[in-house]
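Observations on the three-dimensional arrangement
The lines below spell out each chain.
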Amino acid sequence: MKLVTAIFKPSRLDAVIDALSEAGATGLTVSEVRGYGRQLGKTEVYRGAEYEVRLLPKVKVEVACPAASAERYAEAITQAANTGTIGDGKIFIYDLDSIIRTRTGERDEQAVSG
């Protein structure tokens, strides 16, 4: 089992959800997060005053899946989240020891399928 975690620009959320659905994902979790990478934030002007925004708004999407699906999901996210500019984000793929569906007690692949 794998956990695919992607952090990217909020404007790309709908495209990523559509791409994951087409790739076969049956469920996902979305969180609004803030952070920075190489871009180290940005400078903005508000009412004539310049200020620095160090933590930029991002979206984090997490999908638990069978190991065989992880690369397919990562590729779908890469295609959908890519704008070709700095700040497009990162994708992390983690190993999961076990997944348990609380309601039924189902484990692993049965717990994340439909």
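Located above this text is the structure these notes cover.
Since this is a predicted model, take the numbers as computed values, not measurements.

Concerning the packing of aromatic side chains
- Inspection of every chain in the model, using the stated rule, returns one aromatic pair.
- Judged by centre distance (6.4 Å) and plane angle (20°), the rings of Phe92 and Tyr94 are stacked.
- With a relative accessible area of 40%, Tyr94 lands in the partly exposed category.

A closer look at the side chain of Asp88
- Turning to its location among the elements, Asp88 is positioned in the loop between helix H2 (67-81) and strand S6 (90-95).
- One polar contact links Asp88 to Thr83, side chain to side chain, over a distance of 2.4 Å.

A short note on the environment of Ala111
- For Ala111, the location among the structural elements is in helix H3 (residues 109-112).
- Overall, Ala111 belongs to the buried group, its relative accessible area being 11%.
- For the pair Ala111 and Ile99, spaced twelve residues apart in sequence, the C-alpha separation works out to 6.4 Å.
- When near neighbours in sequence (up to four residues on either side) are disregarded, Ala111 contacts Ile99, Ile100, Arg101 and Glu106.

Describing the nonpolar core
- With 19 residues, the main nonpolar core has Phe8, Val16, Leu20, Val61, Val63, Tyr73 and Ile77 as its most contacted residues.
- Within the residue set of this core, elements represented by two or more residues are strand S1 (2-8), helix H1 (13-23), strand S5 (56-65) and H2.
- Contact partners of Val61, with chain neighbours within four places excluded, come to Val4, Thr5, Ala6, Phe8, Leu13, Leu20, Leu28, Thr29 and Val30.

Side note on the packing of H1 against H2
- Interhelical geometry of H1 versus H2 gives an angle of 150° and a closest axis separation of 8 Å. Judged by the angle between their axes, H1 and H2 are roughly antiparallel. Our pair here, H1 against H2, has a crossing hand that is right-handed. Counting all contacts with H1, which are made through Ala15, Val16, Ala19, Leu20 and Ala23, the residues of H2 involved are Arg72, Tyr73, Ala76, Ile77, Ala80 and Ala81.
- In the contact of H1 with H2, the residues fall into ten nonpolar, no polar and one charged.

Basis of the calculations
- All residue numbers refer to positions counted from 1 along the written sequence of the respective chain.
- This being a predicted model, a pLDDT of at least 70 is required before a residue's local features are given, and a value of 80 or more before pairs of side-chain atoms are given or counted; all residues contribute to the totals for chains, interfaces and linings.
- The side-chain quantities take in all heavy atoms of the structure and omit both hydrogens and water.
- Only centres within 6.5 Å qualify two rings of Phe, Tyr or Trp (six-membered ring in Trp) as a pair; their planes then separate them into stacked at under 30 degrees, edge-to-face at over 60, and tilted for everything else.
- We call a residue buried when its accessible area falls under 20% of the maximum for its residue type, exposed when it is over 50%, and partly exposed in between, using a 1.4 Å probe and counting protein chains only.
- Put simply, DSSP H or I for four residues or longer makes a helix, DSSP E for two residues or longer makes a strand, and each gets a number counted from the N terminus.
- In protein, a polar contact means a hydrogen-donor-capable atom and an acceptor-capable atom, both N or O and within 3.5 Å, with residues adjacent in sequence counting only if both atoms are side-chain atoms; elsewhere, any N or O pair within 3.5 Å suffices.
- Any two residues whose heavy atoms approach within 4.5 Å at even a single point are treated as in contact.
- Throughout this description, the term nonpolar core refers to a set of buried Ala, Val, Leu, Ile, Met, Phe, Trp, Tyr and Cys residues connected via side-chain atoms within 4.5 Å.
- Between the N-to-C directions of two axes lies an angle of 0 to 180 degrees, each axis being a line fitted to C-alpha atoms and, for a helix, fitted only over the stretch in contact.
- Each angle gets one of four labels, with under 35 degrees taken as roughly parallel, over 145 as roughly antiparallel, 65 to 115 as roughly perpendicular, and the rest as oblique.
- Should the near helix be turned counterclockwise from the far one by less than a right angle, the crossing is left-handed, whereas a clockwise turn marks it as right-handed.
- In this classification, the charged set is Asp, Glu, Lys and Arg, the nonpolar set is Ala, Val, Leu, Ile, Met, Phe, Trp, Tyr, Cys and Pro, and all remaining amino acids, among them Gly, are polar.

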